[in-house]
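Coordinates in review
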Amino acid sequence: MSKSVPALRRGLGLGAAFREFTRHPSPWLIGTALVVALTLRVLVGDWQLTDAVLPVLMLAAFPAFEWVIHVLVLHWRPKRLGRFQLDSELARKHREHHVDPRNIPLIFIPTRSLVVVIVVLLALTAFAFPRAGLGLTFLLTITVVGLVYEWTHYLIHTDYKPKTALYRAVWKNHRHHHYKNEHYWFTVTSSGTADRLFGTYPDPAETPASPTARNLHAQPS
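Here goes a summary of the coordinates provided. (Residues numbered from 1 in each chain as written. Predicted model: local features only at pLDDT ≥ 70, side-chain atom pairs only at ≥ 80, totals over all residues. Heavy atoms only, no water.)

**Overview of the pattern of salt bridges**
Scanning all chains against the criterion turns up 8 salt bridges. Residue Asp-51 is joined to Arg-41 by a salt bridge in which the shortest nitrogen-to-oxygen separation is 3.1 Å. Of this pair, Asp-51 sits in helix H3 (residues 50-74) while Arg-41 sits in helix H2 (residues 25-44); the two residues are 10 residues apart in sequence, bridging distant segments of the chain. Each member of the pair, Asp-51 as well as Arg-41, is classed as buried. Here Glu-96 ties to Lys-93 by a salt bridge, and the two come within 3.8 Å at their closest N and O atoms. In this pair, Glu-96 and Lys-93 both sit in helix H4 (residues 89-99), 3 residues apart, roughly one turn of the helix. (Salt bridge = Lys/Arg side-chain N within 4 Å of Asp/Glu carboxyl O. Helix = DSSP H or I, 4+ residues; strand = E, 2+ residues; numbered from the N terminus. Buried < 20%, exposed > 50% of the residue type's maximum accessible area, 1.4 Å probe, protein only.)

In structure tokens form, the structure reads like this:
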């Protein structure tokens, strides 16, 4: 049994939840990238209006981005191409996560996949923007958002109980996805945003429970 399991207990507080959070690799990897991005952004300077506009646009688009990644990457159905099976580590680990949503190590972005993502983000930072400062603003924003995503997703799967209406809505939204029907409620850090846009935000009371919520892509019996 994982050493993470003791954190899953009644009455879990934020302090204990955070201590468990810091025992896993992805918060440290993302946090390190965030610190590097912040340091370099301050050193480079060259602040312009686009450095304020870009984070706003990224935050506005993030629920849709999160939805697309969840649907197309994490819920990818394995496919065969000749002798090869097309099935990423992210998809495989996400299926395991659905089987056992309380297994804390499976909540986090897999380390190897996260390293690849960070390398891609560094490449975008260096080559996809007209100036270095704007690229670093992009990197700083996406690492902040990534850390918030990891913390929110982790906390939802612990026994920490919602204390605010905003977090309660997010908590219920993701719990419905895992324990009610895996075909709906794909956003994690928000509720009623991209799911409304893409038609995956039904009334839970009128939505049938899925027999495959814990076993993605299985044929219902």
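Past the structure itself, the notes keep going.
**Description of the packing of helix H5 (residues 111-127) against helix H6 (residues 132-156)**
Axes are the key here: two packed helices are described by the angle between their axes and the distance separating the axes. Two elements in contact, H5 and H6, have axes separated by 7 Å at closest approach and are oriented at 150 degrees. On the basis of the axis angle, H5 is roughly antiparallel to H6. Between H5 and H6 lies a crossing of right-handed hand. Along its contact with H5, which presents Leu-121, Leu-122, Leu-124 and Thr-125, the element H6 presents Gly-135, Leu-136, Phe-138, Leu-139 and Ile-142. The class makeup of the residues in the contact of H5 with H6 is 7 nonpolar, 2 polar and no charged. (Axes fitted to C-alpha atoms, helices over the stretch in contact; angles between N-to-C directions. Parallel < 35°, antiparallel > 145°, perpendicular 65-115°, else oblique. Left-handed = near helix turned anticlockwise from the far one by under 90°. Contact = heavy atoms within 4.5 Å. Nonpolar A, V, L, I, M, F, W, Y, C, P; charged D, E, K, R; others polar.)

**Here we look at the side chain of Glu-150**
Relative to the helices and strands, Glu-150 is located in helix H6. Of the side chains bearing the opposite charge, Lys-93 lies closest to the buried Glu-150, which forms no salt bridge; the N-O distance is 13 Å. A distance of 2.4 Å separates the side chain of Glu-150 from the side chain of Ser-26, its partner in a polar contact. Engagement of the side chain of Glu-150 in a polar contact is seen with the backbone nitrogen of Ile-109, the distance being 3.2 Å. Aside from chain neighbours lying at most four places away, what touches Glu-150 is Phe-21, Ser-26, Ile-30, Phe-108 and Ile-109. (Lys, Arg positive; Asp, Glu negative; His and termini not counted. Polar contact = N/O pair within 3.5 Å; in protein donor to acceptor, adjacent residues only side chain to side chain.)

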